[in-house]
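# Remarks on the overall topology
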Amino acid sequence: MITMHIEKKSDYGTQLFEIKKFIDSINTNKVVKNELLTLSSEIITNIQKYASKGEFKISLDPSGKKVFLHASDHGNGVSNISLSFKDHFSTSGSLGIGLPTIVRLSDDFSMQSSQEGVVLHCVKEL
Amino acid sequence: MIGVDFLIKPFSTLNECGDFIAKFDHDDYIFVAVGDVGGHGSENVGHIANECRELLKNNFENELESILLEINRLQSIKERGLTLFLSKIYKNTPIVEYVCVGNQKGYLQRFEKVTQLDFQEGVVGYVIPEHIKTHVLKLKYGDNIFVATDGVSDYRSALSAETTVSEILSQKSKSDDDAILVKISFNIKDTHFSTIPNQFSDPEAQDSAQKKPSEIKIKESHKKPSIEIQKEKEPFVAKETPNKHKSLDQKSQKKDQASKVSVEKPKEFLKKDLSAFVFYTSLESKNCKVLKQNLFTFLDVLGVEKSSHVKIITVILEIMATSPSPLKIYMGENSFCVQYESNYELQEKVNYIFNKKSDVLEIEHTANIEDKKQTLDNLKKALKNGATLQEIEIENLKDDDEKKTHALQQSNKMAAMGEMIGAIAHQWRQPLNAIGSSIQNLEYDYEDGLVDKEFVDQFIEKNKKTVQFMSKTIDDFRNFFRIDKEKRTFLVRQMIESIVNMQSAQLSNHSIALKISGEDFSYKGLESELQQVVLNLISNAKDAILEKQIQNPEINIYLQDNRIIVKDNAGGIPKEIINRVFEPYFTTKDQGKGTGMGLYMSKMIVDENLEGFLSVDNDHLGAVFTIDLKSRGGV
């Protein structure tokens, strides 16, 4: 399991490298590995961009058949859910494929958003 | 398809029932609300339920949290209290979004597994949680969501995909309360969501999409069964149930006030001209790239937080593109203000991004503007003239030192060109290799006695095409830097042949045969974009062939009925991922080799820019990609 504290100025590259090492150690095919890395990167970027402070965890289920991704932040929550989960919508001028991509790549996805922040769980089956 | 099935079993009659459902269809989602007004068997209760429904009808497009707060403000609700479940089930992303305050029992049933939906303690109108939680949950094909009011006893064990609302209500409804049960069936296949944009490669999904993206199936089943159940009941005695909670919550009152949207008035100081600088500029005839660069420098000089740069610039450009009158930026000591003449649409966007309703956008900065006066002055000129900051600085230096100016100007020009040259160099590498190798081979061919008139003609023809392609690349890049791209009519086969010529050296290196067949046709659109797509499809086919080490590899391109079909013999795309290949970031290539953006961008270009349709399938030999230009763009 890897736990990371995300801050606005934390080094995204090094963190992703750590995660990549973890993902590479999992016994699965490269498509799933790519997707896990993309998921992690999307989640971390989202925290840095919108909440600036939070935590990210990635762990392997003891059965070895699932990977759990968990993230929480102390931002103000997702401001417009209908739009944020729509493809090609972005408040930051980017491609706008962040949240829909996270949903698409996860086998299970749940999110809880309030003014106290966002808690997000993803499950990826191997 | 999203099905909403529900059944109401009133304590007395429907118009005296406090349990209610509200369901509205939106392009992007279906809105479903289930509420339970405190008390039953009184017209007053039925009236309040109607009032809630009416409010939901007018507000269902808002955020769920704000809808809940809006209902919380209703005076009539404060008398009786309400438990409420609000949800949006999306049609284009497989998710449900919901908030739930009070003891509404909600479950997600997926195969054998039943999971309880989260809810927050409280009663709307009396005590609501300080922070309303909005939940988002991914749904899968065949999922069912059940929501019941407290007139239904614990029904969890009765749930399965086949369970109907009437079965549960007949077994589990209490005899002394109103009861309502809703079943939301989510029957949209994953394939619907896996390709972007919202076109479907799954024929079944495509059919239903043509009818309507997701039809709602409602069974108005509440009338008949409710009467049946009523017959079994004791004669009704009108009785007001006591209110669930008596105490009026202070917090909820505060919340009422806080959530009212205040419209900000322009800052007083803007009216006086204490601003140090006024930028007055409009987007027309200005080079957008230079403008962006200047704005980035501007924010940088002022020490505005880096993470908001893109956001601010996006809004400024948006304003400049849509606002009828020019935009003004006023400098203050600790902040600067962007003032613009807003229209409704613009204000909505700005409001959304900055959470402000105003014609003035105030942004804090940390710079001492006296110290930065010179740079800001230069920037002001740069913004006004659509020039780069360097150009302005050079202009300023002109009087001082002619020679120095000249040198700077040169280097500035070089820097601007560097970017373009880098891109051209990338595009030229292939054709240059092709020319290089054909020159190298010339000597051997001569020695082998292959050089005759026909050979020379072929040699000239082939290399001429490559050179023409290179020359066209420059034109393409020049066009690329132009904001407006012009659609023009071109011959598709000719365009493909030119790409194939460029790729021929690389393909023959790997002994890959490439054939083009079918009738040429003309098409009006953006030629360079279609080129990009075909190039990408050929290069993907090549990669697949090389990866699988196919014997006698070949790529076939067929033209028919305004379609371009690119086939390979690399064995096809595995069934389990074929519907996902157009997703962004999806790649089967090794980490670092594929970005997963190639096919996604191709799909975007064909479907959005060329108004066609890009689809994928397998035949007995390999993958088949079809660019269908027939539908809208053909001439």
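Residues numbered from 1 in each chain as written. Chains lettered and ligands numbered in written order. Predicted model: local features only at pLDDT ≥ 70, side-chain atom pairs only at ≥ 80, totals over all residues. Heavy atoms only, no water.

### A word on the overall build of chain B
The test is simple: Every helix listed is a DSSP run of H or I at least four residues long, and every strand listed is a run of E at least two residues long, numbered separately from the N terminus. Remark: exposure states derive from per-residue accessible area (1.4 Å probe, protein chains only) relative to the maximum for the residue type, with buried under 20%, exposed over 50%, and partly exposed in between. Residue burial considers only the protein chains on display, and all accessible areas are found by Shrake-Rupley using a 1.4 Å probe.
Regarding its fold elements, chain B presents 19 helices and 22 strands. Taken across its 635 residues, chain B has 47% of its residues classed as buried. Carbon and sulfur atoms make up 49% of the accessible area of chain B, which totals about 32,700 Å².

### Focus: the packing of aromatic side chains
All names here are of chain B. This is how it is decided: Stacked, tilted and edge-to-face are the three classes applied to pairs of Phe, Tyr and Trp rings, where Trp contributes its six-membered ring and a pair requires centres within 6.5 Å; stacked means planes under 30 degrees apart, edge-to-face means over 60, and tilted covers the rest. We call a charge positioned over a ring when the NZ of a Lys or the CZ of an Arg lies within 6 Å of the ring centre and within 35 degrees of the ring normal.
Under the counting rule described, the total for this entry stands at 10 aromatic pairs over all chains. Ring centres of F31 and F60 lie 5.8 Å apart, and the angle between their planes is 50°; this geometry places the pair in the tilted category. With a gap of 29 residues between them, F31 in strand β3 (residues 29–37) and F60 in the loop between α1 (43–59) and α2 (64–72) connect regions that are remote in the sequence. The pair formed by F31 and F60 is uniform in burial state, with each residue classed as buried. Through pairs of rings, three or more aromatic residues link up here, namely F24, F31 and F60. A cation over a ring is seen here: K603 above F582, with NZ or CZ 5.0 Å from the ring centre.

### A look at unusual backbone geometry
All names here are of chain B. Notably, F111 is not glycine yet its phi reads approximately 50°, a positive angle. Relative to the helices and strands, F111 is located in the loop between β6 (105–110) and β7 (113–116). Its relative accessible area of 67% is what places F111 among the exposed residues. Of note in the backbone geometry, S511 takes a positive phi value of approximately 55° without being a glycine.

### Concerning the sheet that holds strand β19 (residues 554–560) of chain B
Whenever strands of a sheet pair, they do so through backbone hydrogen bonds, lying parallel or antiparallel. All names here are of chain B. Note the cut-off: What makes two strands pair is DSSP finding at least two bridges between them. Here an axis means a line fitted to C-alpha atoms, over the contact stretch when the element is a helix, while the angle between two N-to-C directions is reported on a 0 to 180 degree scale. Should any heavy atoms of two residues lie within 4.5 Å, those residues are considered in contact.
The strand order β17-β19-β20-β22-β21 describes an open sheet built from five strands, whose pairing is mixed. Among the strands making up the open sheet, the edge pair consists of β17 (513–518) and β21 (613–618). Taken pair by pair, the neighbouring strands of this sheet meet at an average axis angle of 15°, ignoring direction. In terms of strand pairing, strand β20 (residues 563–568) meets strand β22 (residues 623–628) through five bridges, oriented antiparallel. Its bridge partner being in β22, I564 is matched across the sheet by I627. Against the sheet, helix α19 (residues 598–609) engages β21 and β22, with an angle of about 130° to β21.

### Thoughts on the pattern of salt bridges
Basically, it comes down to this: Definition used for salt bridges: Asp or Glu carboxyl oxygen within 4 Å of a side-chain nitrogen of Lys or Arg.
If you walk through the whole model with that rule in mind, you get 14 salt bridges over all chains. For the salt bridge of D457 of chain B with K453 of chain B, the shortest nitrogen-to-oxygen distance reads 3.0 Å. Placement of the pair is D457 of chain B and K453 of chain B together in helix α16 (residues 453–481), with a separation of four residues, close to one helical turn. Judged by its relative accessible area of 62%, K453 of chain B falls in the exposed class. Each of E35 and K124 of chain A together with R580 of chain B takes part in salt bridges that share partners, so that together they form one network.

### Quick word on the packing of helix α2 (residues 30–51) of chain A against helix α4 (residues 98–105) of chain A
Residues and elements named next belong to chain A. Keep this limit in mind: Definitions for this section: a left-handed crossing has its near helix turned counterclockwise from the far helix by less than a right angle. A right-handed crossing has that turn clockwise. The classification used treats Ala, Val, Leu, Ile, Met, Phe, Trp, Tyr, Cys and Pro as nonpolar, Asp, Glu, Lys and Arg as charged, and all other residues, Gly among them, as polar.
At a closest axis distance of 10 Å, the pairing of α2 and α4 adopts a crossing angle of 145°. Note that α2 runs across α4; the crossing there is left-handed. Contact residues: E35, T38, L39, E42, I43 and N46 in α2; G98, T101, I102 and L105 in α4. For the contact of α2 with α4, a count of residues per class yields four nonpolar, four polar and two charged.

### Digging into the pairing of strand β18 (residues 522–525) of chain B
Residue and element names in this part refer to chain B. Along β18, the buried face is formed by Y523 and G525; none of S522 and K524, which line the opposite face, is buried. Pairing analysis gives four bridges linking strand β16 (residues 488–491) to β18, with the strands arranged antiparallel. Following the sheet pairing, F490 is matched in β18 by Y523.

### Some thoughts on the pairing of strand β1 (residues 2–7) of chain A
Residues and elements named next belong to chain A. With burial as the criterion, only one face of β1 is covered, namely that bearing I2, M4 and I6; the residues T3, H5 and E7 on the opposite face remain uncovered. Relative to strand β2 (residues 53–60), β1 runs antiparallel, the two being bridged by six bridges. Bridge pairing links T3 to K57 in β2.

### A look at the confidence of the model for chain B
All names here are of chain B. How we decide: Confidence of the predictor in every single residue is expressed as pLDDT, which spans 0 to 100.
Per-residue confidence for chain B gives a mean pLDDT of 74; residues scoring 70 or more make up 70%. Note on residues 408–416: pLDDT under 50 across the span, and seven contacts to partners over four residues away in sequence or across chains. This stretch, residues 479–484, has a pLDDT under 50; its non-local contacts, to residues over four places away or in other chains, come to three contacts. ipTM for the predicted complex: 0.91, alongside a pTM of 0.54.

### Observations concerning helix α1 (residues 12–24) of chain A
Residues and elements named next belong to chain A. Heads up, the condition is: Multiplying 1.5 Å by the helix residue count minus one yields the expected span of that helix. Note that the arc is computed from the directions linking the helix axis to the C-beta atoms.
The end-to-end C-alpha separation of α1 is 18 Å, in line with the 18 Å expected for 13 residues at 1.5 Å each. Regarding α1, the residues found buried are Q15, L16, I19, F22 and I23. Here the buried residues of α1 occupy an arc of 115° about the axis, which is enough to place them on one side. Buried residues along α1 sit against β1, α2 and β2.

### Overview of the packing of helix α18 (residues 527–548) of chain B against α19 of chain B
Residue and element names in this part refer to chain B. Contact pair α18 / α19: the axes reach a minimum separation of 10 Å and the direction vectors enclose 145°. The handedness of the crossing between α18 and α19 is left-handed. Packed against α18, whose contacting residues are E529, Q532, V533, N536, L537 and N540, the element α19 presents G598, L599, S602, I605, V606 and N609 at the interface. Here the residues of the contact of α18 with α19 are counted per class, giving five nonpolar, six polar and one charged.

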